[in-house]
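# A look at the structure
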Amino acid sequence: MTDALDRATSVLVLGGTSEIALATVRALRSPALRRVVLAARPSPERDAAVAALTAEGVAGVSAVDFDAAGTTTHDALLAEAFAGGDVDVVLVAFGVLGDQQEFEDDPDLAVEAAQVNYVGGVSVCLRAARLLRAQGHGTLVVLSSVAGERARRSNFVYGSTKAGLDSLASGLADALHGSGAHVLVVRPGFVRTGMTAHLEPAPLSVTAEEVAGAVVAGLRRGSTVVYVPAAMRVVMSGLRHLPRTVFRRLPI
Amino acid sequence: MSSKPADLAVPELLTGWGRTMPSRAVVVRPATVHDVAAALTSAGPRGVLVRGAGRSYGDAAQNGGGTVLDLGALADVELLDDGDVVAGAGALLSDLVPVLLAAGRFLPVTPGTRFVTVGGALAADVHGKNHHVDGSIGDHVRRMDLVTPDGVTHVLERGGSPAGDRLLDATLGGMGLTGAITSARLATIPAPTPWVVVDTRRADDLDVLMALMTDPAERHRYSVAWVDGTARGRRLGRGVLTLGDHASPEAAHGRTGRAVPAGVPRVGVPPLPVSPLGRASIAAFNEVWFRKAPRSRDGELVGIAPYFYPLDAVGGWNRLYGPRGFLQYQFAVPDSGAEVVRRTLERLAAIGAPSFLSVLKRFGPGRPASPLSFPIEGWTLAVDVPTSVPGLARALDELDDDVLAAGGRLYLAKDSRAVPATIAAGYPGLADFRALRSEIDPRGVLVSDLSRRLQL
Ligand SMILES: Cc1cc2nc3c(=O)[nH]c(=O)nc-3n(C[C@H](O)[C@H](O)[C@H](O)COP(=O)(O)OP(=O)(O)OC[C@H]3O[C@@H](n4cnc5c(N)ncnc54)[C@H](O)[C@@H]3O)c2cc1C
Ligand SMILES: NC(=O)c1ccc[n+]([C@@H]2O[C@H](COP(=O)([O-])OP(=O)(O)OC[C@H]3O[C@@H](n4cnc5c(N)ncnc54)[C@H](OP(=O)(O)O)[C@@H]3O)[C@@H](O)[C@H]2O)c1
């Protein structure tokens, strides 16, 4: 149970090596936090994440094997995580950005990305929502993206997977209303992490820590949607209303 | 009870009095003790908990995803010839008070609100302004009926058997985790009139206040100090001590009238989008309260209700703190830890935590036989704070360490933010309590959000 001072006691991360997710765990760190489960594919990065958080004094950090595309394994994985005690925050942070041109050249790659970002998202979000409803409290935090708000020429395959995930999460927020469980949809703009290291930072770019701060603030306020940076909300509202002919020619 | 079947199991979002940390449970309203037993034996995976009037501040009376029993139907009150009262666990103390007063009796112990249930009062082993004289409510229980998770009703007569006493004692302060209390027989005390004779002393700082409170010449049945939680520096801990005793007919010299207004308060607070209680308004309130108290006054006659239950006059006053809610930090420390009281007031003043209500009391000896009963001999301080105050979490964590180092503990009925280790360190009997629970509840049926959060 998240306590009266908004301190989570238990966090489950799906995509446990994501930079944004790890920054969020650090931001949620408190004497009340006593269990952190990093669900991710086995890798040296995963081991390093467990070791680093533990060394920083985060209590009860462990890792479990998780592949977002392996949807048939998700039921058992989530059930086990919840069997270990109530989960206050489920953070859905996995995702692949991919390369738009490669997706267009080889649609199989696009399908793979969709399997991870969207199909994997559908799988874990619906299952986690059911478990949160059953415990009568807790929040599902879903890392969406402003890329899902309006498809852009430069990354519409990725954008479409995030659009699907975002719709799913927004619908779940309504479905869970009154259940004691909540959904927080996070829509960052350009975040300077490993995922975007090969790209030139876009205007209004932020750090993983800034996204983490916005997630924690959103949890505290009980928000349904947060944009990071907050100014992105206005920018996106403007972009959504641009005529297609103009939007298509924007260098974004 | 005219509840239709559809009303018998209703999903509800529940919080404590502090209006923080909601969780959803299915609220079931059993009509009989038999129904209570059936609810326990047929518990689902998220377990069962009895909820009283929801006056505990944090998550003690909620059970997210599980079942919560409301024993409002078990509320009969009967005064016996010997002055004892037998009451259903769902009865409110406000149901008992008029019955007792009509017979010249009063509750042996009462918390600062009469809108709590008998079951909730016993489960928290509540204390009143008379703890230094009369102990906690557990010291006045003659019998308790308790339904354990196996569905068995135990009639626990005090002194009946060692095993029975062990279960009875663990239930006093046991926060609903040993079973469902369905009924209790309590001793009462004489109250020949519905009036209290009150002496008031105003103290300009904490030293003066604490000296007055330990002065044997000022020993009365009731003693409580309101402390100005917004005063700093030289004025830190200034407060108003009220000392009281039930008035004899002579002392009340024939005064009549309704000392206890019936039932529902006339004034109420509606749900508010933001809290009107800023730091300035709270400081102003404290200033006025302090100024209006006489430096010293003896023999004032005060009605039972305004004396014991001043806050009950305003319905839903907990909404004044706005949607973010508030918490109450209450600890007890032995006399050797008296300085923790000062450091707490200093620390909360330093982070600018405005407190509307800070209450300092003396405790007499506690109940060592009851592993989770709160009182220990010495001091207890209770401070209300809005949860939105920056730096509050850290300040309270550090104060916890101070309380523990002094040999003190926190009150579970008020807690909404402690960590398991703090409770385990403050309650050395916790291991015994857990052992008893695993005997009577091997399936872990009895659970609350509090018990999960604090690993009780
Ligand atoms: C304004 C105010 C003033 C207060 N002043 C004082 C005070 O001076 N001294 C003091 O000690 N406390 C005080 N309290 C706290 C209050 O007395 C306790 O929290 C009490 O337990 C509340 O009773 P309730 O019926 O509301 O129980 P709830 O808050 O509903 O439940 C409290 C606990 O009791 C358990 N419980 C309730 N009924 C049963 C039952 N039938 N069988 C088994 N378990 C049960 C619940 O599971 C829960 O763990 C005050 C609270 C308020 C709001
Ligand atoms: N960075 C940005 O600009 C930005 C902007 C908006 C939204 N987001 C979203 O934020 C989330 C976190 O991104 P990030 O910036 O923190 O990038 P990141 O560090 O690259 O994290 C992405 C994570 O996804 C995991 N992942 C990829 N495929 C997986 C699979 N099949 N199964 C399990 N895990 C898989 C990766 O784990 P492995 O170690 O196993 O590969 C990695 O931990 C993503 O959903 C991303 O789309 C990012």
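Up top is the structure these notes are about.
Here's what I pulled together on the structure shown here.

Criteria and cut-off values
- Residues numbered from 1 in each chain as written.
- Chains lettered and ligands numbered in written order.
- Predicted model: local features only at pLDDT ≥ 70, side-chain atom pairs only at ≥ 80, totals over all residues.
- Heavy atoms only, no water.
- Patch = residues over 30% accessible without salt bridge, like charges linked within 9 Å, V, L, I, M, F, W, Y side chains within 5 Å.
- Areas by Shrake-Rupley, 256 points an atom, 1.4 Å probe, with all protein chains shown as cover.
- Salt bridge = Lys/Arg side-chain N within 4 Å of Asp/Glu carboxyl O.
- Lys, Arg positive; Asp, Glu negative; His and termini not counted.
- Charge placed at Lys NZ, Arg CZ, Asp CG, Glu CD.
- Helix = DSSP H or I, 4+ residues; strand = E, 2+ residues; numbered from the N terminus.
- Near = heavy atom within 4 Å.
- Polar contact = N/O pair within 3.5 Å; in protein donor to acceptor, adjacent residues only side chain to side chain.
- Nonpolar A, V, L, I, M, F, W, Y, C, P; charged D, E, K, R; others polar.
- Domains from an automatic or database assignment.
- Axes fitted to C-alpha atoms, helices over the stretch in contact; angles between N-to-C directions.
- Parallel < 35°, antiparallel > 145°, perpendicular 65-115°, else oblique.
- Contact = heavy atoms within 4.5 Å.
- Core = buried A, V, L, I, M, F, W, Y, C linked by side-chain atoms within 4.5 Å.
- Buried < 20%, exposed > 50% of the residue type's maximum accessible area, 1.4 Å probe, protein only.
- Phe/Tyr/Trp six-rings, centres within 6.5 Å; stacked < 30°, edge-to-face > 60°.
- Lys NZ or Arg CZ within 6 Å of the ring centre and 35° of its normal.

Here we come to a negative patch on the surface. On the surface, D99, E102, D105, D106, D108 and E112 of chain A cluster together to form a negatively charged patch. For the negative patch, the secondary-structure elements that each account for two or more residues are α4 (100-105) and α5 (107-135) of chain A.

Residues and elements named next belong to chain A. Taken together, 25 residues sit near ligand 2, with T17, Y158, K162, V191 and T193 positioned nearest. Backbone polar atom of A93 to an oxygen atom of ligand 2: 3.4 Å apart, as the coordinates give it. Within the side chain of T193, one N or O atom sits 2.7 Å away from an oxygen atom of ligand 2. Taken together, the elements giving at least two residues each to the shell around ligand 2 come down to α1 (19-28) and α6 (156-175). Classifying every residue of the shell around ligand 2 gives 13 nonpolar, eight polar and four charged.

Residue and element names in this part refer to chain B. V50, G52, R55, S56 and T117 are the nearest of the 35 residues found near ligand 1. The backbone of G54 places a nitrogen or oxygen atom 2.8 Å from an oxygen atom of ligand 1. Residue M175 places a main-chain N or O atom 3.0 Å away from an oxygen atom belonging to ligand 1. Burial of ligand 1 by the surrounding chains reaches 97%, relative to a free accessible area of 970 Å². When grouped by side-chain class, the residues that make up the shell around ligand 1 number 20 nonpolar, 11 polar and four charged. When residues are assigned to domains, the shell around ligand 1 turns out to be shared by domain 1 (77-191) and domain 2 (195-417), each giving three or more.

Before going further, it helps to examine the packing of helix α9 (residues 339-350) of chain B against helix α10 (residues 392-405) of chain B. All names here are of chain B. Contact pair α9 / α10: the axes reach a minimum separation of 11 Å and the direction vectors enclose 170°. With respect to their mutual orientation, α9 and α10 come out roughly antiparallel. Across the interface between the two elements, V340, R343, T344, R347 and L348 of α9 pack against L392, R394, A395, L396, E398, L399, D402 and V403 of α10. Considering only residue class, the contact of α9 with α10 consists of seven nonpolar, one polar and five charged.

Now for the nonpolar core. Counting residues in hydrophobic clusters, the biggest one holds 111 residues, and the most contacted among them are F106, L122 and L360 of chain B. Mapping this core onto the domain boundaries places at least three of its residues in each of domain 1 (77-191) and domain 2 (195-417) of chain B.

This part takes up the packing of aromatic side chains. Enumeration according to the criterion identifies 13 aromatic pairs over all chains in this entry. With centroids separated by 6.1 Å and ring planes inclined at 45°, the aromatic side chains of F308 of chain B and Y309 of chain B adopt a geometry described as tilted. With centroids separated by 4.1 Å and ring planes inclined at 15°, the aromatic side chains of Y321 of chain B and F326 of chain B adopt a geometry described as stacked. Accessibility assignment for this pair places Y321 of chain B and F326 of chain B in one class, buried. Three or more aromatic residues link up through ring pairs in this structure, and these residues are W17, Y57, W317, Y321 and F326 of chain B. Its guanidinium or amino end placed over the ring of F247 of chain A, R150 of chain A lies 4.1 Å from that ring's centre, counting from NZ or CZ. We note K129 of chain B situated over the ring of Y307 of chain B; from NZ or CZ to the ring centre the distance is 4.0 Å.

In this structure, A350 of chain B sits in helix α9. Counting along the chain gives 81 residues from A350 of chain B to A431 of chain B, while the straight-line C-alpha distance between them is 37 Å.

This brings us to unusual backbone geometry. All names here are of chain A. Backbone torsion omega between V228 and P229 reads -5°, so that peptide bond is classified as cis. Among the secondary structure elements, P229 is positioned in the loop between β7 (225-228) and α8 (232-240). If you check the backbone angles, L204 has positive phi at about 65° while not being a glycine. Along the chain, the position of L204 falls in the loop between β6 (181-188) and α7 (208-221). Overall, the relative accessible area of 38% leaves L204 in the partly exposed class.

The next point concerns the pattern of salt bridges. Oppositely charged side chains can pair when the atoms bearing their charge come close. Residues and elements named next belong to chain B. Counted according to the given criterion, the structure contains 47 salt bridges over all chains. Residue D84 is joined to R142 by a salt bridge in which the shortest nitrogen-to-oxygen separation is 2.8 Å. Taken together, the residues D84 in the loop between β5 (77-79) and β6 (85-88) and R142 in strand β8 (residues 141-147) connect sequence positions 58 residues apart. Relative accessible area serves as the criterion here: at 2%, D84 is assigned to the buried category. A salt bridge links R362 to D335; the nearest nitrogen and oxygen atoms lie 2.8 Å apart. Of this pair, R362 sits in strand β19 (residues 358-363) while D335 sits in the loop between β18 (326-333) and α9; the two residues are 27 residues apart in sequence, bridging distant segments of the chain. Note on R362: relative accessible area 14%, which makes it buried.

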